[in-house]
Structure formats: C-alpha cells, structure tokens
Amino acid sequence: MTPALPAARPAAVVPSVSLADVEDISDAVLLEAQWSGAMPHHRAAEVPGSLEDLTILLPAGARVRLDQRAEKWRAVLADVGSGLVHLSVRWGITTLTVVGPDADDAEATLARLVQAARQAVAVPAGSVRMRFWSGGGDHPAESSRTVAAPDWATVAANYPGGTAAALDQLMRLDDLGSRSGRLVLWHGAPGTGKTTAVRALSRQWSDWCETHYVTDPEQLFVNPQYLLEVAGGDEDETPRGGRPWRLVVAEDCDEYLRTDARARAGASLGRLLNLCDGILGHGLQVLVLLTTNEDAGSLHPAITRPGRCLSAVEFAPLSQAEAQAWLGPDSPAPAGQSTLAELYALREERALPGGRSVHEVGGYL
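Note on numbering: residues in each chain are counted from 1, in written sequence order. Thresholds applied to this predicted model are a pLDDT of at least 70 for local features of residues and 80 or more for the giving and counting of side-chain atom pairs; totals over whole chains, interfaces and linings are not thresholded and use all residues. Each side-chain value is derived from all of the structure's non-hydrogen atoms; neither hydrogens nor water enter the calculation.

(A) Quick look at the overall build of the protein. Within the protein, the secondary structure is distributed over 13 helices and 12 strands. Here's how the labels work: a residue is buried when its accessible area is under 20% of the maximum for its type, exposed when over 50%, partly exposed in between, all with a 1.4 Å probe on protein chains only. Counting all 365 residues of the protein, 46% fall into the buried class. The contact rule is simple, with two residues in contact once any of their heavy atoms fall within 4.5 Å. Expressed as a percentage of contacts within the protein between residues at least 6 apart in sequence, the contacts between residues at least 24 apart total 64%. By element, 51% of the accessible surface of the protein is carried by carbon and sulfur atoms, the whole surface being about 17700 Å². Strands are runs of DSSP state E lasting at least 2 residues, helices are runs of H or I lasting at least 4, and numbering of each runs from the N terminus. Note that accessible areas follow from Shrake-Rupley with a 1.4 Å probe, and for residues the cover is restricted to the protein chains shown.

(B) Highlighting the pairing of strand S5 (residues 93-100). Among the 8 residues of S5, 7 are classified as buried, and the element is accordingly described as predominantly covered. Should DSSP find at least two bridges between two strands, the strands are taken to pair. Of the pairings in the sheet, the one linking strand S4 (residues 83-90) to S5 comprises 7 bridges and is antiparallel in character. Residue pairing in the sheet places Val85 in a bridge with Val98 of S5. In textbook terms, the turn of a hairpin is the stretch between consecutive antiparallel strands, and for S4 and S5 this stretch comprises 2 residues, one of which, Trp91, has a positive phi near 55°.

(C) Representation of helix H10 (residues 268-277) in the model. Turning to H10, its buried residues number three or more, namely Ser268, Leu269, Leu272, Leu273, Leu275 and Cys276. One side of H10 carries all its buried residues, which in axial view fall inside an arc of 155°. Starting at the helix axis, one direction is taken to each C-beta atom, and the arc is that of these directions.

(D) Focus on the sheet that holds strand S8 (residues 183-188). Strand order in the open sheet made by the 7 strands is S7-S6-S9-S10-S11-S8-S12, with mixed pairing throughout. Unpaired on one side and paired on the other, strand S7 (141-148) and strand S12 (309-315) mark the two borders of the sheet. Looking at each pair of strands side by side, their axes are set apart by 25° on average, direction ignored. Bridge count for strand S6 (residues 127-134) against strand S9 (residues 209-214) is 4 bridges, and the pairing is parallel. In the sheet register, Trp133 faces S9, and the bridge partner there is Val214. Against the sheet, helix H5 (residues 194-204) makes contact with S6, S7, S8, S9, strand S10 (245-250), strand S11 (286-292) and S12, and its axis sits at roughly 150° relative to S8, the strand it touches most. Only the contacting stretch of a helix is used when fitting its axis, a line to C-alpha atoms as for every element, and angles between N-to-C directions run 0 to 180 degrees.

(E) Structural context of the sheet that holds strand S3 (residues 73-80). Read across the sheet, 5 strands follow the order S1-S5-S4-S3-S2 without closing on themselves; strand pairing throughout is antiparallel. On the outer flanks of this sheet lie strand S1 (41-48) and strand S2 (63-69), each paired with one strand and no other. Pairwise comparison of adjacent strand axes, ignoring direction, gives a mean angle of 10° for this sheet. Pairing analysis gives 6 bridges linking S2 to S3, with the strands arranged antiparallel. Bridge pairing links Gln68 to Ala75 in S3. Lying on the sheet, helix H1 (residues 25-35) is in contact with S1, S2, S3, S4 and S5; it crosses S4 at an angle near 150°. Each of S1, S3, S4 and S5 is contacted by helix H2 (residues 103-120), which is oriented at about 10° to S1, the strand it contacts most.

(F) Highlighting empty space enclosed by the protein. Only protein atoms enter the 1 Å grid used here. Points where a 1.4 Å probe fits but cannot escape make up a cavity, open sets with protein on both sides within 12 Å along at least five of seven lines make up a pocket, and a residue lines them when an atom lies within 4 Å of a point. Grid points are joined across faces, edges and corners, and a volume is the space filled by probe spheres set on the points. If you walk through the whole model with that rule in mind, you get 1 cavity of 30 Å³ or more. Gly counts as polar in this scheme, as do all residues outside two lists: the nonpolar Ala, Val, Leu, Ile, Met, Phe, Trp, Tyr, Cys and Pro, and the charged Asp, Glu, Lys and Arg. Here the lining of the largest cavity is composed, by residue class, of 3 nonpolar, 2 polar and 5 charged.

(G) Quick look at the pattern of salt bridges. Salt bridge criterion: a side-chain nitrogen from Lys or Arg within 4 Å of a carboxyl oxygen from Asp or Glu. In the structure shown here, the tally under the stated rule is 10 salt bridges. With a shortest N-O distance of 2.7 Å, Arg172 and Asp168 are connected by a salt bridge. According to the relative accessible area criterion, Arg172 is exposed, its value standing at 64%. The exposure class of Asp168 is partly exposed, given its relative accessible area of 23%. One connected set of salt bridges, linked through shared partners, spans Glu46, Arg131, Glu142 and Glu210.

(H) A look at the nonpolar core. Nonpolar cores were defined as sets of buried Ala, Val, Leu, Ile, Met, Phe, Trp, Tyr and Cys residues, with membership established by side-chain atoms within 4.5 Å. Leu167, Leu170, Trp186, Leu201, Trp205, Leu247 and Leu289 are the most contacted members of the largest nonpolar core, which totals 32 residues. Setting aside residues up to four positions removed in sequence, Trp205 forms contacts with Leu170, Met171, Leu173, Leu247 and Leu287. In terms of nonpolar packing, the next biggest core, distinct from the first, is built from 25 residues, Leu220, Ala231, Leu273 and Ile303 among them.

(I) Seen up close, the side chain of Asp216. On the secondary structure map, Asp216 appears in the loop between S9 and helix H6 (217-220). In this structure Asp216 is buried but unpaired, with Arg246 as the nearest side chain of opposite charge at 13 Å. Apart from the residues within four sequence positions on either side, Asp216 is in contact with Trp133, Ser134, Gly135, Gly136 and Tyr226. The convention is simple: Lys and Arg are positive, Asp and Glu are negative, and His and the chain ends are not counted.

(J) Up close: the packing of aromatic side chains. Put simply, two rings from Phe, Tyr or Trp (the six-membered ring, in Trp's case) pair if the centres are within 6.5 Å, and we call them stacked under 30 degrees between planes, edge-to-face over 60, tilted for the rest. Enumeration over the complete set of coordinates arrives at 6 aromatic pairs. Geometrically, the ring pair formed by Tyr159 and Phe315 is edge-to-face, given 5.7 Å between the ring centres and 85° between the ring planes. Pair noted here: Tyr159 is in the loop between helix H3 (152-155) and helix H4 (161-171) and Phe315 is in strand S12, with a separation of 156 residues, a long-range link. Centre to centre, the rings of Trp326 and Tyr344 are 4.9 Å apart; their planes meet at 65°, and the pair counts as edge-to-face. Placement of Trp326 in helix H12 (residues 320-327) and of Tyr344 in helix H13 (residues 340-349) is noted, with a sequence separation of 18 residues between them. Of the residues examined, Tyr344 reaches a relative accessible area of 2% and is grouped as buried.

(K) Spatial organisation of the packing of H4 against H5. Axis separation between H4 and H5 bottoms out at 10 Å; the angle between their running directions is 30°. Judged by the inter-axis angle, H4 sits roughly parallel to H5. As for how H4 packs across H5, the hand of that crossing is right-handed. Contacts from Leu167, Leu170 and Met171 of H4 reach H5 at Ala197, Ala200, Leu201 and Gln204. Of the residues in the contact of H4 with H5, the class split is 6 nonpolar, 1 polar and no charged. An angle counts as roughly parallel when it lies under 35 degrees, as roughly antiparallel when it exceeds 145, as roughly perpendicular when it falls between 65 and 115, and as oblique in every other case. What makes a crossing left-handed is the near helix being turned counterclockwise from the far one by less than a right angle; a clockwise turn instead makes it right-handed.

Okay, structure coming up:
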C-alpha cells in the first residue's frame, strides 16, 4: 500500500505554499512532500515532444492523484511505489519529475519514465525533432517541434562534388568524444543548400545528438547566461548513461564571423570561441554549427585557424555539367555556375514532355 503523504510541519517550520507561486496544484504537492522531509530526493528530466495522454507512461500499479489539462498545458501527478511522479507537457516538451525517500529508487524510476517517453514521442519517418530557443524576456524560452528532414543519401546530389564529399564525411560521424574542434562552419552564397544540409545532418545524428536551433543568434552571443543554457551548461546533474550531445545551430551569423567581428561585435566573438574550445565549453558535450553567406576570404582568422573547426565546408554553386546532370536531359543548363535555388526556379517554370511531373526532394534553402 502506498503510504499517505505525511502531514505538513507547523507553519513556522514549513513555508506556506501559495498556488499563486507555483505553476499548478501538483507542483504544490511535490513541494510539500519535500519540505516535510518524507521525500527529500528530487530527480527530473526533459524529453522533446508531447503526448496527449501522459498516463501511458506510468507503470502498472501507479495511482493517479491529479490529471490536469489546459489549452496549451497538461500534467499528471501519481503515486509510484513509495514516491511521487509528476509528468507535464508545455511548448512541445515533456518534463518528468520524481520525488521519493530513496535516491537510487528515484533515479531508477526516472530512467524508466524517460525510456517510455522517448518511445512514445518517436518522430515519424522523414522528420526529426528539434528544440528552438529565443532569448526574449527574463529567461530564454524553449520549445520543441517536429521538422521535416531529408535523408542525406537523397539530397547529396544537390551539392557539387567537393561540397558533397565534405558533408558526407561529417554525416558519417557517430561520436565526437575523440575528435578535436567543436565548431562546424558552413559558408557560401544564398541558395546553395545550407539549411537543407542542417536538416539532413540533424536527422543523420539524431540517435546520439539533439539539435538546438537558435532563432536569435544576435542575443545568444551577447548574453552569457543565454549561451550557457542553450549549451547545457546550467545542468548540475548528469543522469545515468550521460547526456546526448547538443548541436547548437545558428544561421546567418555574418556579423560574428567577418574579419572585423571583434571591432563590431565586441565580446560576442570571444564567447563563441570560448564555448567551442575554451573554459566555457569545457566538459560540455556541445557542438556549434554556424552558417554564413560570406566567402572564406572575409572570415575572421580566429574562426578558421587549424584545430578550431571540426568541419569547414564551402557551399559552392554547381558547375554547368553538374547542373545539367541535376536537371536531366529535358532542360539545358545555364552557362557557367548555378546555385541550387536557381536550378529549382528553372525546374518549376518548365513543363516536362509527356505531362510528367517533377518529384522534388530536399529543397534548396
């Protein structure tokens, strides 16, 4: 039989719990259990993705105390063994919390819940789950959603030989523990396929690395606390089995990468470099992927120095021969070089013989 929650201590010893100070009623119950001293051990984790019915994560024999739902939020509080479990969903992220009298039991219960949640929120084929960050307000906001992501083998033909070879080497990595460099730099003209490659890389690495997409890189490198939260540097405890790697993606970062970046962006460049191979990033399993429309000659030498970049890839236009192979025999390729965006524009404006339709794969962003 699950023991009843111990009575609270006198008000002089235990702070009063006001529902105005907590997110929901179940938070108040968890706090009361910890303040009483009966369940001092707290463990928590997050899993990207959301579930309509959180009770499917609970083990057999669990007793639901509260089942709360609102328009953009839901939560379940349940007795599990000798402890309490709180499951909640907000902004596409499932938060799992366990409190109990024994630390090992709490960690084991959390591990089972995390495994069940990851299986339940598995993404559909042809997509990947990303976390999105923005630095507005007092604290960075985080959300999660599923993004269409092409298979690398399907879109590799969208890139010229040198670019495709460099990307293929990166796509094949399955661990970064023994590799030097924590910066991936992709540079090239607009329309050469950098965003599509980001989505393909996220899918290729999804088994061991989470993608964290930053919507406002101009805030990320200015605000040290924001940078640490995105990089995972604010997490004091490491769950059993370790944390997955983080791929922090910031697109169109021209301001921080040009040769005059230190003069214009102040300390931002220094923080970026410190995260990649300095004290700020020491001990963190984080990799930073930056994209820019600048060419290699205009990039700051501190960014491109040997040993700093795990990978630096130039997204070049396709030659006339490569463009012709991409277009096929039904349309002549333009003279000279062409970006992928230009080829898609050509394809969309022509009709194929015999009424055949064009199957478009991957996009060109």
